[in-house]
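# Summary of the model geometry
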Amino acid sequence: MAAPLTFEQILGLRSPRVPQGGEKVHKDECVFCFENLESGDGLFVCMYSFLGFCKEHVQRHFNTTGNPLYLNMKIIKTKKPKEEVESLEKPTKLAIGVEGGFDVEDEKLYDIQELNKLVALPEFSELALPNPDLPTQIQMSVTAIIAAESAARQEDIAAWDGDQKFISKHAEKLTQLSNGVKVSPIGWRCSRCNLKDNLWMNLTDGTILCGRKYFDGSGGNNHAVEFNKETGYPLAVKLGTITPSGADVYSYDEDAMVEDPLLAKHLAHFGINMLMMEKTDKTMTELEIDLNTRVWEWDAIQESGSKLKPLYGPGYTGLRNLGNSCYMNSVLQVLFTIPDFVQRYSNQVDELFRSAPSDATGDFNVQMAKFGHGILSGKYSKAPPTDEGEEGDVGQDGIAPRMLKTLVGKGHQEFATNRQQDAFEYLLHLFSLIERNSVSKPNPCDSLKFELEERIECAQSKQVRYTRRNDFVLSLPIPLEAATNIDEVNASEARREDTKAEAGDRKQPGPATRLKVPFSACLERFSASEPVEDFLSPATRAKGIAHRTTRFSSYPDYLILHFRKFMLGDDWIPKKLDVSVDVPDDLDLTSLRSQGLQAGEVELPEGDTAAEPEPQIDEAVVEQLVAMGFHPEGCRKAVFHTQNSGTEAAMNWVLEHMGDPDFSQPLQKKQKRSEEIPVSEESMVMIQSMGFTAEQAKKALRATDNNVERAVEWIFSHMDELTSEAMETDDGAAPAAQPGCRDGSGKYKLMAFISHMGKSTSSGHYVCHILKEGRWVIYNDRKVAQSEKPPKDLGYLYFYKRV
């Protein structure tokens, strides 16, 4: 039992801090593991840095920082009697945490007891809370930490708030009537129907009215909307969301949630003191978070009709869905079956933790090690308890990699949100972060990297050029015209149309027949000669036709195949091809080994002819592409490289290149010879201090107009071009050249695949199947089970191991 903490000891310790507005309080999970408030000893929240630790790791933080005081927080959940649970009313309104609203955390199913203690290290002396005799500063710190939204909750709110609020055009010159209306801080009701919930106050005349009616008939009665149509008064504030830091403000004619920088003044007009208000209702963002988290839990997957045997233990740990995070869960589960990733992160966990900074929530390598150890240790993969007479669920508690998700998505336009994403794009983004954090360290991506050789033959001169580039993923086209059952699909579609015409809505047509495309046809399309239009030949100094073929210069230890299943629909929205591809268990790519320059071949001269005037970028086409959700810089590149050929050509370029590492980086038009561009000496010194050579720094700065930040990004995205330039040693001497891509046999065996269910990249669900211990295992977020019918023909990403 821990020794009691005396007041004499407390008075001798450094006073704790009180978390300020916007400061993150990490009280969801330990910085170094996935222990949480429900774990044995709960969490120890540092009262100076507000970082949370389990009992095992809090000593590490104390040794690093010397911070003595911690708030030990723990909750105990006790499931309510079955009869009491069954008597709970079902939700009747689209709201959270209020009478009739959703209980997204199933809190109503449990009685929850909170236990808090003040703990002083290194002796772990403790004092039970609350204690009114504590010094004021400590009481304020304790109260603020307990009351603060957790860091994970703040990230969730920010992630779901995908539409950035803008300042309303009405805010600055809003007309407010001098009608003598003063609004009470409590007791609000709709002035037309007396509803007490979902109330909005018009900022022009102070009228309080209920909000919109929700999709299920609940919510308000649309009186606020009707009032706007009658009066044209533009802005309304949601009562119950007003705090000193802001509130939900809606602009009717702008049809959006907006910012009102003069909100305090506008509220004061009706007697509301914004600084004294407390939040009593959920904001619109919070409502969306809680509802979507529940709505998008996918239980039905391809094997939902089978009785699956749940699996537990090391390597069989499920991952909680953090709100459309299934794409991340599937990618990470597969990567941590590859030995290089296990060795780099999981096996080095102690070393990485020892060298971690005082705040390790932002250290990429630490969070990857934490994740790898979490899923491979088996500590968090245990069968859930089952009530007597009830069948167990294949679900497990699993782990919630919140810190890693936040860190990987930081600063990214898409991955920082809780919207559904493309697993392929996420995989490439993750690889770029791993590369960036593996300078002078073992790089697990080396096991996946391979070299491709491109051969271009000028049709006029018959001269050739060979170039090489590195890649992590082999992207394969799907030639629909090669499908073996086109007649069957057409007949099926005709029957479906007849059924709809005859029965209307009374009878739903049967399932559509899926196209079957042979894997060999996809591989043949990739390896076939591809025409290059308008090739500017250095030999003839004229435009003409060239032919390009691609072959392997090296074969990686692990090969990733990506099928191009997403195409542009007639409505300009990327949609998925519903096709079946007979992907083989055993794959032999030996015949695709490159041969290099052959006897009798003549190489094209180096360099090109003088550059023609560059086309001006059609901003109208760029805006169309951006409206579809693609990155603006990538859209500009698409229009530029397709030479203003129209939206369709640019869209096809986007779909082909959106996985490129530099897709979202600014367009770099051709300039004069790079060696003529002067380089900033100060920028050179800054980049070299990061461990790069002078030549690498010079190349990067010339390619990015002397922008240091972009130059560093350029180096990481062009590592394949710089492999012959090694990092400088401490004594300044250049070491031997680093080895290139690994190489070996071109024969592989299927070890995992990731599948997508849904019609587009912006919706649906991802699961993965992994071959472990001679059996296929399905990982569907928290659910891990033995697979009976792995849908190998419906995958999106395939992972092969060299044999």
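For every chain, the first residue of the written sequence is number 1, and numbering continues from 1 onward in sequence order. Reporting of local features is limited, given that this is a predicted model, to residues whose pLDDT is at least 70; pairs of side-chain atoms are given and counted only at 80 or more, and all residues count toward the totals for whole chains, interfaces and linings. Here the side-chain values reflect all heavy atoms present in the structure, with hydrogen atoms and water set aside.

## Things to note about the overall build of the protein chain
Helix and strand counts for the protein chain stand at 22 helices and 28 strands. Looking at the protein chain as a whole, 49% of its 803 residues qualify as buried. In the protein chain, once contacts between residues fewer than 6 apart in sequence are set aside, the share between residues at least 24 apart is 70%. To be clear on the numbers: accessible area is Shrake-Rupley with a 1.4 Å probe, and residue cover counts the displayed protein chains and nothing else. Carbon and sulfur atoms provide 49% of the accessible area of the protein chain, an area that totals close to 39,900 Å². A run of DSSP states H or I qualifies as a helix once it reaches four residues; a run of E qualifies as a strand once it reaches two. Both are numbered from the N-terminal end. To sort residues, take the accessible area from a 1.4 Å probe on protein chains only and compare it with the maximum for the residue type: under 20% means buried, over 50% means exposed, and anything in between is partly exposed. Only heavy atoms enter the contact rule, under which two residues are in contact if any of them lie within 4.5 Å.

## Some thoughts on the packing of aromatic side chains
Working definition: rings of Phe, Tyr and Trp (its six-membered ring) pair if their centres are within 6.5 Å, and the pair is stacked with planes under 30 degrees apart, edge-to-face with planes over 60 apart, and tilted otherwise. Taken as a whole and judged by the stated rule, the model has 20 aromatic pairs. Within the aromatic cluster, the residues linked to one another by ring pairs are Phe519, Phe563, Phe753, Trp776 and Tyr798. Cation over ring: arginine 14 sits above tyrosine 48, and NZ or CZ is 4.3 Å from the ring centre. Our definition puts a charge over a ring when NZ of Lys or CZ of Arg is within 6 Å of the ring centre and also within 35 degrees of the ring normal. Sitting over the face of the ring of tyrosine 316, lysine 772 holds its NZ or CZ atom 5.3 Å from the ring centroid.

## Observations regarding the sheet that holds strand E6 (residues 166-167)
Read across the open sheet, the 6 strands follow the order E6-E11-E10-E9-E7-E8; overall the sheet is mixed. The sheet terminates laterally at E6 and strand E8 (208-210), the two strands that pair on one side only. A pair of strands is considered paired only if DSSP assigns at least 2 bridges between the two. Alignment of strand E9 (residues 235-238) against strand E10 (residues 249-251), held across 3 bridges, turns out to be antiparallel. Looking at the pairing, valine 237 lines up with valine 249 of E10. Axis lines are fitted to C-alpha atoms, over the contacting stretch for helices. Their N-to-C directions set the angle, which ranges from 0 to 180 degrees. Each of strand E7 (199-202) and E8 touches helix H6 (residues 223-231); the most contacted strand, E8, lies at about 120° to it.

## Quick notes on the pairing of strand E1 (residues 43-46)
Each regular strand shows side chains that alternate between the opposite faces of the sheet. The alternating pattern of E1 places Leu43 and Val45 on one face and Phe44 and Cys46 on the opposite face, and all of these are buried. Inspection of the sheet shows E1 paired to strand E3 (residues 69-79) by 4 bridges, in the antiparallel sense. Across the sheet, residue leucine 43 finds its bridge partner in E3, namely methionine 73. Note that E1 and strand E2 (residues 52-53) share 2 bridges and pair antiparallel. The residue of E2 that forms the bridge with phenylalanine 44 is phenylalanine 53. A loop of 5 residues connects E1 with E2, the two strands running antiparallel in sequence, and phenylalanine 50 in this loop sits at a positive phi of about 65°.

## Considering the sheet that holds E2
Spatially, E2-E1-E3-E4-E5 is the arrangement adopted by the 5 strands of the open sheet, whose pairing is antiparallel. At either margin of the open sheet sits one strand with a lone partner, and together these are E2 and strand E5 (125-128). Where strand E4 (residues 110-120) meets E5, 4 bridges bridge the pair, whose relative direction is antiparallel. Of the residues in E5, the one forming a bridge with alanine 120 is serine 125.

## Some thoughts on the environment of leucine 701
When you line up the elements, leucine 701 lands in helix H21 (residues 694-703). Setting aside residues up to four positions removed in sequence, leucine 701 forms contacts with Val679, Ser680, Ser683, Met684, Ile687, Asn706, Asn707, Val708 and Ala711.

## A look at the packing of helix H18 (residues 632-641) against helix H19 (residues 647-657)
Running from N to C, H18 and H19 cross one another at 125°; their axes reach a closest spacing of 8 Å. Between H18 and H19, the crossing angle belongs to the class labelled oblique. Both H18 and H19 take part in a crossing whose hand is right-handed. Contact residues: H18 offers Gly634, Lys637, Ala638, Val639 and His641, while H19 offers Ala650, Trp653 and Val654. In the contact of H18 with H19, the residues fall into 5 nonpolar, 2 polar and 1 charged. Convention used here: angles under 35 degrees read as roughly parallel, angles over 145 as roughly antiparallel, angles from 65 to 115 as roughly perpendicular, and any remaining angle as oblique. It is the rotation of the near helix from the far one that decides the hand of a crossing: anticlockwise by less than a right angle makes it left-handed, clockwise makes it right-handed. The residue classification treats Ala, Val, Leu, Ile, Met, Phe, Trp, Tyr, Cys and Pro as nonpolar and Asp, Glu, Lys and Arg as charged. All others, Gly included, are polar.

## A closer look at the nonpolar core
For our purposes a nonpolar core is just a set of buried Ala, Val, Leu, Ile, Met, Phe, Trp, Tyr and Cys residues, chained together by side-chain atoms within 4.5 Å. Ranked by internal contacts, the top residues of the largest apolar core, which has 97 residues, are Leu118, Leu335 and Phe431. For this core, the element with the highest residue contribution is helix H14 (residues 423-436), accounting for 9 residues. Membership of the second largest hydrophobic core comes to 32 residues, among which are Val517, Ala521, Cys522 and Val581.

## Section: H14
The span one expects for a helix is its residue count, reduced by one, times 1.5 Å. Spanning 14 residues, H14 covers 20 Å between terminal C-alpha atoms, matching the ideal 20 Å at 1.5 Å per step. Buried residues dominate H14, accounting for 11 of its 14 residues. Of the positions making up H14, those classed as buried are Ala423, Phe424, Tyr426, Leu427, Leu428, His429, Leu430, Phe431, Leu433, Ile434 and Glu435. The N-terminus of H14 is capped by aspartate 422, whose side-chain oxygen sits 2.9 Å from the backbone nitrogen of phenylalanine 424. Side-chain atoms alone can form a polar contact between residues adjacent in sequence; in general such a contact is a pair of N or O atoms within 3.5 Å, and within protein one must be able to donate a hydrogen while the other accepts it.

## A look at helix H13 (residues 402-409)
Three- or four-residue spacings in an α-helix give side chains the same orientation, since the helix completes a turn every 3.6 residues. Of all 8 residues in H13, 6 are buried; the element is thus mostly enclosed. Within the sequence span of H13, burial applies to Met403, Leu404, Lys405, Leu407, Val408 and Gly409. Two residues or fewer after H13 comes glycine 411, characterised by a positive phi angle close to 80°.

## Let's talk about the pattern of salt bridges
When a carboxyl oxygen of Asp or Glu lies within 4 Å of a side-chain nitrogen of Lys or Arg, that pair is called a salt bridge. Applying the stated criterion across every chain yields a total of 26 salt bridges. Glutamate 35 is paired through a salt bridge with lysine 379; the nearest N and O atoms lie 3.5 Å apart. Note that glutamate 35 is positioned in the loop between helix H1 (7-11) and E1 and lysine 379 in the loop between helix H12 (364-376) and H13, a separation of 344 residues in sequence. By relative accessible area, which is 15% here, glutamate 35 ends up buried. For the salt bridge of lysine 169 with aspartate 253, the shortest nitrogen-to-oxygen distance reads 3.6 Å. On the criterion of sequence distance, the pair formed by lysine 169 in the loop between E6 and E7 and aspartate 253 in the loop between E10 and strand E11 (256-259) is long-range, its members being 84 residues apart. Given the relative accessible area of 59%, lysine 169 is considered exposed.

## Here's the deal with unusual backbone geometry
Following leucine 121, the chain continues into proline 122 via a peptide bond in cis, with omega recorded as 15°. With respect to the element layout, proline 122 can be found in the loop between E4 and E5. Backbone torsion omega between leucine 129 and proline 130 reads 0°, so that peptide bond is classified as cis. As for its position among the elements, proline 130 is in the loop between E5 and helix H4 (136-147). Phi angles above zero are rare outside glycine, and aspartate 781 is one such case at about 55°. Its location among the elements puts aspartate 781 in the loop between strand E26 (775-780) and strand E27 (783-786). Overall, aspartate 781 belongs to the buried group, its relative accessible area being 11%.

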